[in-house]
Amino acid sequence: MEHQSHPDIIKRLKRAGGHLTSVITMIENGRPCVDLAQQLHAVESALTNAKRTLIQDHIDHCLSDAAQSDASSSAAALEEFRQLAKYL
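Treat the numbers as computed from the prediction; the structure is a model and nothing was measured.

K.L.:
Describe the pattern of salt bridges, listing the residues and the values that go with them.
P.N.:
Any two side chains of opposite charge can pair, given that their charged atoms come close. Overall, the coordinates contain three salt bridges when judged by the stated rule. Across the pair Glu 79 and Arg 82 runs a salt bridge, and its minimum N-O distance is 3.6 Å. Of the two residues, Glu 79 and Arg 82 both sit in helix H3 (residues 71–85), three residues apart, roughly one turn of that helix. For Arg 82, a relative accessible area of 51% puts it in the exposed group.

Laid out in structure tokens, this is it:
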């Protein structure tokens, strides 16, 4: 199932992939550690933002819908949220 946020998440992940490729090239070219750390920070930020967007979208749409359904759907939604919480 594709959510409205998925295109934005894909952009963020592609950005992270580009930064990561850049870091690898920088290491191979012997660039200073400060430059490497800056690029690695950009990778981390892009991944963190992608994860945050994905989880927030899931909570807003999937879990909210399930929580408003019958008791078994609500219980399943609660369990799913517990599983998601470990990634927050």
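From this point, the narrative continues.
K.L.:
So, the environment of Leu 78: which residues are in play, and what are the values?
P.N.:
Along the chain, the position of Leu 78 falls in helix H3. Residue Leu 78 is classed as partly exposed on the basis of its relative accessible area of 44%. In sequence terms Leu 78 and Thr 53 are 25 residues apart; their C-alpha atoms lie 19 Å from each other.

K.L.:
Tell me what's going on with the environment of Val 23, and back it up with residues and numbers.
P.N.:
Within the secondary structure, Val 23 sits in helix H1 (residues 6–28). In this structure, the C-alpha to C-alpha distance between Val 23 and Asp 60, residues 37 residues apart in sequence, is 34 Å. Filtering out sequence-adjacent residues up to four positions away, Val 23 remains in contact with Leu 36, Gln 39 and Leu 40.

K.L.:
Quick rundown of H1? Include the residues and the values.
P.N.:
Compared with the 33 Å implied by 1.5 Å per residue over 23 residues, the 33 Å span of H1 between its first and last C-alpha is a close match. For H1, the complete set of buried residues consists of His 6, Ile 9, Arg 12, Ala 16, Val 23 and Met 26. Gly 30, located one to two residues past H1, shows a positive phi value of around 70°.

K.L.:
So, the nonpolar core: which residues are in play, and what are the values?
P.N.:
The tendency in soluble globular proteins is for nonpolar side chains to be buried as a group. Judged by nonpolar contacts, Ile 55, Leu 63, Ala 66, Ala 77 and Leu 84 together constitute the single largest core of five residues. At the level of elements, helix H2 (33–67) and H3 are the ones that each hand at least two residues to this core. Top element by residues in this core is H2. It accounts for three residues. Residues within four places of Ala 66 in sequence aside, it is in contact with Ser 73, Ser 74 and Ala 77.

K.L.:
Explain the side chain of Ser 5 to me, and be specific about the residues and the numbers.
P.N.:
In this fold, Ser 5 is placed in the segment before H1. Accessibility expressed as a relative area gives 12% for Ser 5, which makes it buried. A polar atom in the side chain of Ser 5 sits 3.3 Å from the side chain of Asp 57. When residues no more than four places from it in sequence are discounted, the contact partners of Ser 5 are Thr 53 and Asp 57.

Analysis parameters
Residues numbered from 1 in each chain as written. Predicted model: local features only at pLDDT ≥ 70, side-chain atom pairs only at ≥ 80, totals over all residues. Heavy atoms only, no water. Salt bridge = Lys/Arg side-chain N within 4 Å of Asp/Glu carboxyl O. Helix = DSSP H or I, 4+ residues; strand = E, 2+ residues; numbered from the N terminus. Buried < 20%, exposed > 50% of the residue type's maximum accessible area, 1.4 Å probe, protein only. Contact = heavy atoms within 4.5 Å. Expected span 1.5 Å × (residues − 1). Core = buried A, V, L, I, M, F, W, Y, C linked by side-chain atoms within 4.5 Å. Polar contact = N/O pair within 3.5 Å; in protein donor to acceptor, adjacent residues only side chain to side chain.

So yeah, pure geometry; function would need other evidence.
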